[in-house]
Amino acid sequence: MKSDLSKYKNIDKSTQLLFDEKETFKILHFNNLSHQNTFLKYYLENNCIQLFFCNKGEYIASFNFEHCAINISENNSNMVYFKDEKMNILFNLQPKSEATIVLISIEYFHSLFSNEGNFLFNFSNFKVGKPIIEPRTLGPSIKLILNQLISKQISEALRPIYIKGKVYELLSYYFNTTTEEDSNTCPYISNEETISQIKHAKQLIIKEMNNPPSLNDLAKEVGLNIKKLKTGFKEFYGVPVYAFLLNYKMELAKKLLIEKQLNVNEIALQLGYSASSHFIAAFKKKYGITPKQFSKSQIL
């Protein structure tokens, strides 16, 4: 029987979209105070890590279709990742239920575990090309942070920075494994051979960033077919191979500009640009200012 999705209403961004910072994370908050189920719909434009929390009551989150769904009950959560870039998330909130949802961009997620933003993320039940659905019980620290997130005691002027701080705190508790030997690595590492090959591809393009190999040559070097390299790399790092390399170069450029040991022409040469004008154009497109303007902004 075909589902009737017309009952799902688009979320009211003025009330239910609690926070939205471009290319980092979004926070949705639902509080169904009525005695009837509430049906809401949110269109996800980019694939991301999805964290579903239930503050109280119970709700169902579905992905494009009602039959593809998870149930989240009070004091529980669910971490979800689909490789699909666009989808509708459908919410069926039970009466007197409250939910908080955090949506984190893949690229930003990586940056939380490394200054260079290039660590693999993976999960205990990860399979290449398959979705991740991982339920968890909420501890008292996370429940407290969820309540603080929706607190009205903070002034509107300070609210954005307050929410950012609380989200970082939330994620640090959520992904804390306490027994990790290396605190600078992402807490989910897979032993699959494919993961190792994709990581090797990342290392190769960084090593040869001044003259990076073609996708065909890179795929042969790491032992993957080109399709698996392209799709797998984007799944793990959130961006295609050469977009990742560009981001890496731009982050390195910022670091070199802050150190002030090299001028713009020397940095362009070190990053493999044939002309400094190409480097300046790439930097401005990425950050909205020229390298020189960025360098001046670092002067205290």
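Preceding this paragraph is the structure being described.
The structure reproduced in this document is the subject of the present report. (Residues numbered from 1 in each chain as written. Predicted model: local features only at pLDDT ≥ 70, side-chain atom pairs only at ≥ 80, totals over all residues. Heavy atoms only, no water.)

1. Considerations on helix 6 (residues 226–237)
For the record, the criterion: Helix numbers and strand numbers start at the N terminus; a helix is a DSSP run of H or I with at least 4 residues, a strand a run of E with at least 2. Here, expected helix span is obtained from the residue count minus one, scaled by 1.5 Å. Contact criterion: two residues are considered in contact whenever any of their non-hydrogen atoms come within 4.5 Å of each other. Whenever two N or O atoms come within 3.5 Å, that pair is a polar contact, provided that in protein one can donate a hydrogen and the other can accept it, and provided that, for residues adjacent in sequence, both atoms are side-chain atoms.
Compared with an ideal rise of 1.5 Å per residue, which puts twelve residues at 16 Å, helix 6 spans 16 Å between its outermost C-alpha atoms and is within 8% of the ideal. In the core, the buried residues of helix 6 are packed alongside strand 8 (76–81), helix 1 (106–111), helix 4 (193–207), helix 5 (215–222) and helix 7 (241–259). A distance of 3.2 Å separates the backbone nitrogen of K227 from a side-chain oxygen at the start of helix 6, and that oxygen is part of N225. At the exit of helix 6 stands G238, carrying a positive phi of roughly 85°.

2. A short note on the nonpolar core
Put simply, the test is: Working definition of a nonpolar core: buried Ala, Val, Leu, Ile, Met, Phe, Trp, Tyr and Cys residues. They are joined through side-chain atoms within 4.5 Å. The classification of residues rests on relative accessible area computed with a 1.4 Å probe and restricted to protein chains. Under 20% of the type maximum is buried, over 50% is exposed, and intermediate values are partly exposed.
Residues L271 and F279 are the most contacted members of the largest nonpolar core, which totals 34 residues. Top element by residues in this core is helix 7. It accounts for nine residues. The residues touching L271, leaving out its near neighbours within four places in the chain, are M209, N210, K249, L252, A253 and F279. Listed in part, the 25 residues of the second largest apolar core include F25, L146, L149 and F175.

3. Looking at the pattern of salt bridges
Here is the rule: We define a salt bridge as a side-chain nitrogen of Lys or Arg found within 4 Å of a carboxyl oxygen belonging to Asp or Glu.
Scanning the model with the defined rule gives four salt bridges in all. Across the salt bridge formed by K7 and E66, the nearest N and O atoms sit 3.2 Å from each other. Within this pair, whereas K7 is found in the segment before strand 1 (9–10), its partner E66 is found in strand 7 (residues 65–73), the two being separated by 59 residues in sequence. The closest approach of N and O atoms between K166 and E169, which form a salt bridge, is 3.0 Å. Taken as a pair, K166 and E169 lie in helix 3 (residues 159–174) at a separation of three residues, close to a single helical turn.

4. Remarks on the packing of helix 4 against helix 5
Put simply, the rule reads: Note on geometry: axes are lines fitted to C-alpha atoms, helical ones only across the stretch in contact, with angles between N-to-C directions running from 0 to 180 degrees. Put simply, angles under 35 degrees are roughly parallel, angles over 145 are roughly antiparallel, angles from 65 to 115 are roughly perpendicular, and the rest are oblique. Here a crossing is called left-handed whenever its near helix is offset anticlockwise from the far helix by less than a right angle, and right-handed whenever the offset is clockwise.
It is at 9 Å that the axes of helix 4 and helix 5 come closest, and there the two elements cross at 130°. Comparing their axes, helix 5 and helix 4 come out oblique. In terms of crossing hand, the pair formed by helix 4 and helix 5 is right-handed. Contact residues: helix 4 offers Q197, H200, A201, L204 and I205, while helix 5 offers L218, E221 and V222.

5. Looking at the pairing of strand 7
Each regular strand carries side chains that alternate between the two faces of the sheet. Note the cut-off: Paired strands, as defined in this entry, are two strands with at least two bridges between them according to DSSP.
Examined bridge by bridge, strand 6 (residues 58–63) and strand 7 share six bridges and lie antiparallel to one another. What sits directly across from Y59, in strand 7, is I72. Between the end of strand 6 and the start of strand 7, which pair antiparallel, lie one residue, with N64 showing a positive phi angle near 70°.

6. Topic: the pairing of strand 5 (residues 48–56)
Among the nine residues in strand 5, eight count as buried, and that is most of the element. As paired elements, strand 5 and strand 8 share four bridges and run antiparallel to each other. If you follow Q50 over to strand 8, its bridge partner there is V80.

7. What about the sheet that holds strand 8?
Sheet architecture is open: six strands sit in the order 2-3-10-5-8-11, paired in antiparallel fashion. With partners counted over all chains shown, the strands left at the sheet margins are strand 2 (17–21) and strand 11 (132–137), one partner each. On average, adjacent strands in this sheet sit at an angle of 15° to one another, irrespective of strand direction. Strands strand 2, strand 3 (25–32), strand 5, strand 8, strand 10 (97–105) and strand 11 of the sheet are contacted by helix 3, whose axis makes an angle of about 90° with strand 2.

8. Regarding the environment of K292
Within the element layout of this structure, K292 appears in helix 10 (residues 291–297). Residue classification places K292 among the exposed positions, given a relative accessible area of 55%. It is 7.3 Å that separates the C-alpha atoms of K292 and V264, two residues lying 28 residues apart in sequence.

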